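Listed below are the residues making up each chain.
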Amino acid sequence: MTAIEKQTTEAIYNMYLALPDEVKMEVKRLIDDAVSVRPEPFTVDSLIKGNWNDEGKTYSRDELYDDNGR
Amino acid sequence: MKIFIDTNIWVYQTNANSIFHAAATQKLIDLQANGFIFHISTQVLREYAKATTLEAFLTHSQVQANMSRMRLITVVLEETQPVTVELEKLIGRFNVKGKSVYDCNIVATMQHYSVDTILTHNVKDFTPRYDGLLTVLPLL
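The sections below set out a description of the structure shown in this document. (Residues numbered from 1 in each chain as written. Chains lettered and ligands numbered in written order. Predicted model: local features only at pLDDT ≥ 70, side-chain atom pairs only at ≥ 80, totals over all residues.)

### Brief notes about the packing of helix 5 (residues 81-93) of chain B against helix 6 (residues 100-112) of chain B
Residue and element names in this part refer to chain B.
Thinking step 1. Contact pair helix 5 / helix 6: the axes reach a minimum separation of 8 Å and the direction vectors enclose 125°. Between helix 5 and helix 6, the crossing angle belongs to the class labelled oblique. Viewed along their axes, helix 5 and helix 6 form a crossing whose handedness is right-handed. Counting all contacts with helix 5, which are made through Pro 82, Val 83, Glu 86, Leu 87, Leu 90 and Ile 91, the residues of helix 6 involved are Val 101, Cys 104, Asn 105, Val 107, Ala 108, Thr 109, Gln 111 and His 112.
Thinking step 2. Looking at the contact of helix 5 with helix 6, its residues break down into nine nonpolar, four polar and one charged. (Axes fitted to C-alpha atoms, helices over the stretch in contact; angles between N-to-C directions. Helix = DSSP H or I, 4+ residues; strand = E, 2+ residues; numbered from the N terminus. Parallel < 35°, antiparallel > 145°, perpendicular 65-115°, else oblique. Left-handed = near helix turned anticlockwise from the far one by under 90°. Contact = placed C-beta atoms within 7 Å. Nonpolar A, V, L, I, M, F, W, Y, C, P; charged D, E, K, R; others polar.)

Here you go:
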């Protein structure tokens with residue numbers, strides 16, 4: 001890191017520290033999001049397949065949960 | 001680009017006998033090819049486990065393996081306290097009742113993590129209620 005890069009980085013960090021907490025949280029979330037590890041690629045064989053008769057189920061949450069929320 | 005993949009898509013994708021299996025598989029491949037990064041939440045993992053274990057459609061080891069694989073091929077969004085705060089707001093704003101709370105929790109999770117598109121076969125669960133907050137991409 002060059003001297004000017006170090007100086008700039010410190011200036012940005014000091015600006016970050018001066019932000020209100022809720023804004024800091026949003027900045028942190030955006031950074032975490034940007035540097036998060038990309039998932040592995042999806043392929044047709046990524047998941048194990050079954051073979052059942054789903055009887056036209058939609059798997060909506062109206063079907064997935066009973067009246068007691070289970 | 002982020003996209004949330006709803007529970008029903010994963011169930012169809014892992015049931016070779018489903019009339020929606022080919023469509024679900026192709027849609028995921030096409031979205032990935034177009035640069036979309038798949039997102040799910042811990043709620044989706046729970047629902048997937050429920051749907052596939054209820055009548056032993058898949059063995060427990062197969063369900064476990066698929067849940068592990070889903071965590072690797074997606075970004076898993078955690079249902080944290082800020083997500084619950086978002087849920088509270090949405091319940092009031094959209095007058096959400098009964099089982100619709102579970103759909104609302106998906107929207108709250110997406111909102112918190114800035115995911116604005118969902119792929120689902122159950123379009124009516126999200127639109128028109130949440131139009132303006134998210135884009136619903138239908139399976140078919």
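### Section: unusual backbone geometry
Residue and element names in this part refer to chain B.
Thinking step 1. Between Thr 127 and the following residue, Pro 128, the backbone shows a cis peptide bond with an omega angle of 15°.
Thinking step 2. Position of Pro 128 among the secondary structure elements: in the loop between strand 4 (117-120) and strand 5 (135-138).
Thinking step 3. Even without a glycine there, the phi angle at Ser 114 is positive, about 55°.
Thinking step 4. Note that Ser 114 resides in the loop between helix 6 and strand 4.

### Topic: the nonpolar core
Residues and elements named next belong to chain B.
Thinking step 1. Of all hydrophobic cores here, the largest spans 34 residues; its most connected members are Phe 4, Ile 5, Val 107 and Met 110.
Thinking step 2. Mapped by element, the contributors of at least two residues to this core are strand 1 (2-5), helix 1 (7-13), helix 2 (21-33), strand 2 (37-41), helix 3 (42-53), helix 5, helix 6 and strand 4.
Thinking step 3. Examining the composition of this core, we find that five residues originate from one element, helix 6, more than from any other.
Thinking step 4. Once you skip the residues sitting within four places of it in the chain, Val 107 turns out to touch Leu 90, Phe 126, Tyr 130, Leu 133 and Leu 134. (Core = buried A, V, L, I, M, F, W, Y, C linked by C-beta atoms within 7 Å. Buried ≥ 20, exposed ≤ 12 C-beta atoms within 10 Å, placed from the backbone.)

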